[in-house]
Amino acid sequence: MSVRFLFIFFVLLPLVVHSQEKYLSIDEIEFETEIEQRTIEKLLKNEGEIIDGFLVIAPEDSASFGKWEDFYAKEIDALKQRKKPKKIEKDVKYIYDRLHEKFLRKYETLAYFDQIFENGVYNCVTAVALYAMSFEELGIPYSIKETPTHVYIIADPGNSQLLIETTDPVSGFRSFTPGFRENFVSQLAMQKLVDQSDIASKGVYPVFDEFYFGGADLTLKQLVACQYYNLGITYFNEKDYYEAWNAFSKAQLLHSSEQLNSSLFASIVNAVSDSDYSDWNDIKLLPYLERFKDFDIKNTNIVSEFQRMLNFVLVSNNDAEKAEKAYNLYVKNSVDKEIELEISYLYFYERSRIAYNRANYAEAFNFIIEAYKAKPGNPNAESLLMESFKMTYRNKATNEALGRLDTLMVNNPSLVKNNHLNTLRLNLYLTSMGENFESKNPTEGTSLMELFESTVSENPNYIFNQNVLGDAYSKAAVYYFKKGYSTKARSIIRAGLNYAPDNYQLKSRLMMISN
């Protein structure tokens, strides 16, 4: 097997965000519903309601979206009517308690936003989404922060810096006293995580802020990506790699990252590595291997994997329709011309080989022409092309075969110097020449004789069948001899003997005509 990587287990994590190139466009992603697609499209344009982005991950509950959104809007309206205290700490504490009481009942590591409305189940991502959307509506400044294993929200980040720890309903609201900050920085210094000179130059508060609140903020749209990412991890750990791929793909639309791109790569590699390609979803992923060359995927890996798929689908299971569908899908999604040509050669050569072995020679010939176009000059393709052509036209009219061969060589210039095909072409010239003289068509017969002679003159190394030549020149001589042109008849036979000096038929004809 051509592509093998260690299976990777993931744990639920926030999505560490650093801008990266996107591997997929929205047109290449499979959405559960049209509602989901429209919602993501709006988010990408910074349109629509952000709450829809969090809810649409559960398309089976779409009928309840309106009811849930109305319930949320009602609670926000109630909070907007609150009597605001002078201190923002008290205001944020009131909002924190109210939202926790109304929406959040049970913390679970694996949770999605719709569950907040269904049964009050939440995790750090969904609860932060709830608080961030609410703060946005209520005009409370906030920032969303992340660590490799957690995400949390800071209210009034420029001033009071109030921590909202959504996973702790008892002490989840915290303000940072001067004593807390000083003690925290002192502990950093004792652990040699910060130098005393930095504390002296920057001050205690800036050092505290740098360590506790540092890093880029997440946006709500990126938080939607986190939820899709967690969904992908869930599918991945269940070994449903195709669904994991879909979830990761939607996440990278909203915000790509190195971590997310690695997850996409892990899902596609695990999907195809041990696949027998009975599942069409695995085949659908094959073209996207090309996108991951920065993960050390080589062209040879991709081509070999396509060959493995063909062996399963076409050779082992004799499913030509599925193989054709897989090939067309690959070509449609390929972004690498070199790989596309290799894939085309493999597909058409295999189709031709199978057709030839089943005596479907015309079909084999048509397929091998396409294989040869992908790899001009390939000796295996040339050999099969030659054999399938001969078998296809063995019972056809010589002129038809000759016309098809000439067209083939004109359309594929690399065949012009192919010795086997030129031998076939010379023999067809000779056969057709004899047939034309025999049917009393000397003009066409003479034209073909001239074609034969000029071709041999320009390419003296080309081989032809001397018996076919003897027959053709003999028929031409007989035509003119019967017309009373003995001299011309003898001239034609002598010309034939120049190419085949020991040909018995020509020698006999010359003796008969000379007597």
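Just so it is clear, the structure is predicted and the values come from calculations on it, not from any experiment. (Residues numbered from 1 in each chain as written. Predicted model: local features only at pLDDT ≥ 70, side-chain atom pairs only at ≥ 80, totals over all residues. Heavy atoms only, no water.)

### Some words on the overall build of the protein chain
Move 1: When helices and strands are tallied, the protein chain shows 24 helices and 6 strands.
Move 2: In terms of C-alpha radius of gyration, the protein chain reaches 39 Å, well past the compact-globule figure of 24 Å for 515 residues.
Move 3: The 515 residues of the protein chain split such that 49% are buried.
Move 4: In the protein chain, 56 side chains carry a positive charge and 70 a negative one; their mean positions are 6 Å apart. (Helix = DSSP H or I, 4+ residues; strand = E, 2+ residues; numbered from the N terminus. Rg over C-alpha atoms; globule rule 2.2 N^0.38 Å. Buried < 20%, exposed > 50% of the residue type's maximum accessible area, 1.4 Å probe, protein only. Lys, Arg positive; Asp, Glu negative; His and termini not counted. Charge placed at Lys NZ, Arg CZ, Asp CG, Glu CD.)

### Some words on the packing of aromatic side chains
Move 1: Scanning the model with the defined rule gives 37 aromatic pairs in all.
Move 2: With 4.7 Å between their ring centres and 20 degrees between their planes, Phe265 and Phe295 make a pair best called stacked. With Phe265 in helix H12 (residues 258-273) and Phe295 in the loop between helix H13 (280-285) and helix H14 (299-316), this residue pair connects regions lying 30 residues apart in the sequence.
Move 3: Judged by its relative accessible area of 10%, Phe265 falls in the buried class.
Move 4: Following the ring pairs from residue to residue traces out a cluster consisting of Phe54, Phe65, Trp68, Phe71, Tyr72, Phe103, Phe113 and Phe117.
Move 5: Lying over the aromatic face of Tyr345, Lys375 brings its terminal NZ or CZ to 4.7 Å of the ring centre.
Move 6: The side chain of Lys488 reaches across the aromatic face of Tyr480, ending 5.0 Å from its centre. (Phe/Tyr/Trp six-rings, centres within 6.5 Å; stacked < 30°, edge-to-face > 60°. Lys NZ or Arg CZ within 6 Å of the ring centre and 35° of its normal.)

### What to know about helix H19 (residues 398-411)
Move 1: Its 14 residues give H19 an end-to-end C-alpha distance of 20 Å, which sits within 8% of 20 Å, the value for a rise of 1.5 Å per residue.
Move 2: Of all the positions in H19, only Thr398, Ala401, Leu402, Leu405, Leu408 and Met409 are classed as buried. Angular distribution of buried residues about the axis of H19 spans 125 degrees; they occupy a single face of the element. In H19, the exposed residues that point more than 90 degrees away from the buried face are Val410 and Asn411. (Expected span 1.5 Å × (residues − 1). Arc of directions from axis to C-beta.)

### Examining the nonpolar core
Move 1: Counting 148 residues, the largest nonpolar core has Phe113, Leu223 and Phe306 as its most contacted members.
Move 2: No other element matches the 11 residues that helix H6 (residues 124-138) contributes to this core.
Move 3: Listed in part, the 7 residues of the second largest apolar core include Val185, Ala189, Val207 and Phe208. (Core = buried A, V, L, I, M, F, W, Y, C linked by side-chain atoms within 4.5 Å.)

### Some points on the packing of H14 against helix H15 (residues 320-333)
Move 1: The geometry of H14 relative to H15 is characterised by a closest axis approach of 9 Å and an angle of 160 degrees between their N-to-C directions. On the basis of the axis angle, H14 is roughly antiparallel to H15. Here the hand of the crossing between H14 and H15 comes out right-handed. Of H15, the residues touching H14 (which contributes Ile302, Phe306, Met309, Leu310, Val313 and Leu314) are Ala320, Lys322, Ala323, Ala326, Tyr327 and Tyr330.
Move 2: Across the contact of H14 with H15, the residue classes tally to 11 nonpolar, no polar and 1 charged. (Axes fitted to C-alpha atoms, helices over the stretch in contact; angles between N-to-C directions. Parallel < 35°, antiparallel > 145°, perpendicular 65-115°, else oblique. Left-handed = near helix turned anticlockwise from the far one by under 90°. Contact = heavy atoms within 4.5 Å. Nonpolar A, V, L, I, M, F, W, Y, C, P; charged D, E, K, R; others polar.)

### Here we look at the confidence of the model for the protein chain
Move 1: Looking at the protein chain as a whole, its pLDDT mean stands at 88, while 91% of the residues score no less than 70.
Move 2: Put simply, strand E6 (residues 173-174) is where the protein chain has its lowest mean pLDDT, 54, and helix H16 (residues 337-357) is where it has its highest, 96.
Move 3: Counting contacts from residues 1-14, a segment whose pLDDT is below 50, to residues more than four positions away or on other chains yields 53 contacts. (pLDDT = per-residue confidence, 0-100.)

### A short note on the packing of helix H10 (residues 220-237) against helix H11 (residues 241-254)
Move 1: Where H10 meets H11, the axes come as close as 8 Å, and the angle between the chain directions of the two elements is 170 degrees. Taken together, H10 and H11 sit at an angle that is classed as roughly antiparallel. By crossing handedness, the relation of H10 to H11 is classed as left-handed. In contact with Lys221, Val224, Ala225, Tyr228, Tyr229, Leu231, Gly232, Ile233, Tyr235 and Phe236 of H10, H11 contributes Tyr241, Glu243, Ala244, Ala247, Phe248, Lys250, Ala251 and Leu254.

### Regarding the pairing of strand E4 (residues 150-155)
Move 1: Among the 6 residues that make up E4, 6 are buried, leaving the element largely enclosed by the rest of the structure.
Move 2: Two strands pair when backbone bridges link them, and E4 and strand E5 (residues 162-164) are joined in this way by 3 bridges, in the antiparallel orientation. In the sheet register, Ile153 faces E5, and the bridge partner there is Ile164.
Move 3: Hairpin geometry of E4 and E5 is characterised by an intervening segment of 6 residues between the two adjacent antiparallel strands and by a positive phi of about 50 degrees at Asp156. (Pairing = 2+ DSSP bridges.)

### A few points about the side chain of Arg308
Move 1: Along the chain, Arg308 falls in helix H14.
Move 2: Reaching out from Arg308, the side chain makes a polar contact with the backbone oxygen of Ser273 at a distance of 3.2 Å.
Move 3: Here Glu305 takes part through its side chain, which lies 2.5 Å from a polar atom of the side chain of Arg308. (Polar contact = N/O pair within 3.5 Å; in protein donor to acceptor, adjacent residues only side chain to side chain.)

### Here's the deal with the pattern of salt bridges
Move 1: Taken as a whole and assessed by the stated rule, the structure comprises 20 salt bridges.
Move 2: A salt bridge links Lys106 to Glu108; the shortest N-O distance between them is 3.3 Å.
Move 3: For Lys106, a relative accessible area of 48% gives the class partly exposed. (Salt bridge = Lys/Arg side-chain N within 4 Å of Asp/Glu carboxyl O.)

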